[in-house]
Amino acid sequence: MVTHVSDAPTLQKTPLHALHLARGGKMVAFAGYDMPVQYASGVLKEHLHTRAKAGLFDVSHMGQIALRPKSGDVTDAALALERLVPQDIVAVAPGRQRYAQFTNPAGGLLDDLMVANFGDHLFLVVNGACKAADEAHLREHLSDACAIEVLADRALVALQGPKAASVLAKKCPEAPAMKFMEAGPRQVGGVACFVSRSGYTGEDGYEISIPAAWVEDVVSALLDDPDVAPVGLGARDSLRLEAGLCLYGHDIDATTTPIEAALEWSVQKSRRNGGARAGGFPGANVILPQFEQGAARRRVGLRPEGRAPVREGAPLFADAASADPIGAVTSGGFGPSLNAPISMGYLPVSHAATGGLVFADVRGQRLPLRVCAMPFVPHNYKR
Amino acid sequence: MTVLYTTDHEWLRIEGDTATIGITGYAQSQLGDVVFVELPKVGSQLTKAQAAAVVESVKAASDVYAPITGEVLEVNEALGAEPALVNSDAEGKAWIFKLRIADRSDLEGLMDEAAYKAHTA
């Protein structure tokens, strides 16, 4: 048996670190932070509790960045950000947010992020492991048009699940009226927060940016609600996998284009060929033709036919005997809500059609998997 | 009947020339919810320290190594239908496989219960 112990002294701590320890969090290293992978009840129960009621996640390791236009006009910040992402940021109305990606000159992805329009500036949430590089990237390319402010004194938590709205309503009466991807400053229990109706579990819910000095008070009050349980990174991963959502560094990275990653929906027509602001982002010469010509490979959902999970890195084969892999699993594990193993990975388009059969090598055995549509568990967003 | 333990958190119940093997309660508590157990093949010959079985939680797969050399006599098929037995009864109903002990000297370096408790304390 191999067990994991994490006590590396160099790890950073989020403002909720003491609360995690007090609530029995089992801590692991993640994105340079000492983070709870689970609490006493375990990954399975935390996962199912989130789908049934509400789970509370500390995601303070993620980067929060304000982009303030030097001109004072938020459209100028949006136009500047469009130099780095293939999304239509100008069209993000005040009080709304949108999913985006930073691209590289090869058409690959440097990170994925959320961009909210807060009226006079843009508010970005980026991945923890990428945040230093993202900040440098923004400073290099946008400093002419924007002041770039890393909001290091703010924590970020996610409240996710069908009870999230009724729970948050007790501290923030405006919360239930917000629609999916609505975002902006809101008071939560008398604390000035940024609230968005979004998340990364496939459930209805909110992400709440809270000043670090107040986060323990706000989170403790939310956890006092009997519908809310703290949930660790383990269930966060199984929830997002069931929801068919990409994990940066695993399902998407510097070598995957938005088309290969099946993220075409996230690139608005205005930035594609023929659109009002077509191109003008790194790798546009690679990405835009793929909208018409397709890409050679595609991210797909995979359902193992047996009970054995097929995990990240497992090579995929066209049949049970062939020697050369045609793709690989990029995320895989067990879906507690499905009570079945699930995976996602990349296959050549010739093998990516739903219903097709491929084989993974797991510990020297060829296990069959069926290509399937995602999400594995339907989304429950309040649009 | 003797119960012995390994530093890799396996237990062995020794009855005659048979060793019944599973993972310890401490090991299952570290792994978390077990969702799949891959069993060795009955009749296969295992060499000490060879990967023999795999216990998978939601998050990760962990190898169970053969703590001694021997032939696999029987495997616990019940774990196929109910892998969570590893969490509820790791040192009882969730035995994983039985080996015919090839060389009793393999048992010499293993710990008794008191030594294992000290090891995990």
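The rules behind each value
- Counting of residues starts from 1 at the beginning of each chain's written sequence and follows it residue by residue.
- Chain labels run from A onward and ligand labels from 1 onward, assigned in the order the entries are written.
- Only residues with pLDDT of at least 70 are given local features in this predicted model, and only at 80 or more are side-chain atom pairs given and counted; all residues enter the totals for whole chains, interfaces and linings.
- Only hydrogens and water are removed before side-chain values are computed, so all heavy atoms of the structure are retained for them.
- UniProt positions are given in the numbering used here, feature names are shortened, and annotations may be inferred rather than shown by experiment.
- Counting from the N terminus, the helices are the DSSP runs of H or I reaching at least four residues and the strands are the DSSP runs of E reaching at least two.
- Categorising residues by exposure relies on relative accessible area from a 1.4 Å probe, with only protein chains included: less than 20% of the type maximum marks a residue as buried, more than 50% marks it as exposed, and the intermediate range marks it as partly exposed.
- The directions considered for the arc run from the helix axis to the C-beta atoms.
- Residues are treated as being in contact if the distance between any of their heavy atoms lies within 4.5 Å.
- Polar contact is defined as a pair of N or O atoms within 3.5 Å, subject to the rule that within protein one atom must be able to donate a hydrogen and the other to accept it, and that residues adjacent in sequence are counted only when both atoms are side-chain atoms.
- Put simply, a nonpolar core is a bunch of buried Ala, Val, Leu, Ile, Met, Phe, Trp, Tyr and Cys residues held in one set by side-chain atoms that sit within 4.5 Å of each other.
- An automatic or database domain assignment provides the domain bounds reported here.
- Buried area: the accessible area, evaluated with a 1.4 Å probe, that two parts lose upon being put together, summed over both parts.
- Residues were grouped as follows: Ala, Val, Leu, Ile, Met, Phe, Trp, Tyr, Cys and Pro as nonpolar; Asp, Glu, Lys and Arg as charged; and all remaining residues, including Gly, as polar.

Peer 1: Explain the UniProt feature "modified residue: N6-lipoyllysine" (unreviewed entry) in chain B to me, using residue names and the numbers behind them.
Peer 2: The sites that UniProt annotates as "modified residue: N6-lipoyllysine" (unreviewed entry) are B:K59. Counting through the fold element by element, B:K59 comes out in the loop between β6 (51–57) and β7 (61–65).

Peer 1: Tell me about helix α3 (residues 74–81) of chain A, residues and numbers included.
Peer 2: All names here are of chain A. V74, A77, A78, A80 and L81 are the residues of α3 that are buried. Each buried residue of α3 sits inside an arc of 160° when the element is viewed along its axis, so together they form one side. On its buried face, α3 sits against β4 (63–69), β5 (97–103), β6 (109–117), β7 (122–126), α4 (131–142) and β8 (146–150). Between the side-chain oxygen at the start of α3 and the backbone nitrogen of T75 there is a gap of 3.0 Å, and the oxygen is on D73.

Peer 1: I'd love a proper account of the UniProt feature "domain: Lipoyl-binding" (unreviewed entry) in chain B, names of residues and values included.
Peer 2: Within this numbering scheme, the UniProt entry marks residues 18–100 of chain B as carrying the feature "domain: Lipoyl-binding" (unreviewed entry). In residues 18–100 of chain B, the share of helix is 18% and the share of strand is 42%. The end C-alpha atoms are 5 Å apart.

Peer 1: So what about the nonpolar core? Which residues, and what values?
Peer 2: Judged by nonpolar contacts, the single largest core of 38 residues is most densely connected at A:F57, A:Y99, A:F118, A:F123, A:V125, A:I252 and A:L263. Listing elements by their share of this core, those giving two or more residues are β6, β7, β9 (154–160) and α7 (233–242) of chain A together with β4 (34–38) of chain B. With 3 residues, the single largest contributor to this core is β6(A). For this core, the two domains that each supply at least three residues are domain 1 (17–57 + 155–242) and domain 2 (296–383) of chain A. A:Y99 has contacts with A:Q87, A:D112, A:L113, A:M114, A:M181, A:I252, A:L263, A:W265 and A:S266, leaving out every residue within four places of it along the chain. If you look at the next biggest cluster of nonpolar residues, it comprises 29 residues, including B:L31, B:A52, B:A94 and B:I101.

Peer 1: Any chance you could break down the UniProt feature "domain: GCVT N-terminal" (unreviewed entry) in chain A for me, citing the residues and the numbers?
Peer 2: With numbering matched to this structure, UniProt assigns "domain: GCVT N-terminal" (unreviewed entry) to residues 16–270 of chain A. With 25% helix and 31% strand, residues 16–270 of chain A has its two end C-alpha atoms placed 41 Å apart.

Peer 1: Report on the domain arrangement of chain A, specifying residues and quantitative values.
Peer 2: Residue and element names in this part refer to chain A. Under the domain assignment used here, chain A contains domain 1 (17–57 + 155–242) and domain 2 (296–383). A straight line from the C-alpha centre of domain 1 to that of domain 2 covers 29 Å. Listed per partner, the contact involves 15 residues of domain 1 and 19 residues of domain 2. Across the interface of domain 1 and domain 2, roughly 1,500 Å² is buried in total on both sides, 62% from carbon and sulfur atoms. Counting the surface domain 1 buries against domain 2, the share from its top three residues, F180, L241 and E242, is 46%. At the level of secondary structure, the elements contributing two or more residues to the side of domain 1 that touches domain 2 comprise α2 (43–52) and α7. For the side of domain 1 that touches domain 2, the per-class residue count stands at 5 nonpolar, 3 polar and 7 charged.

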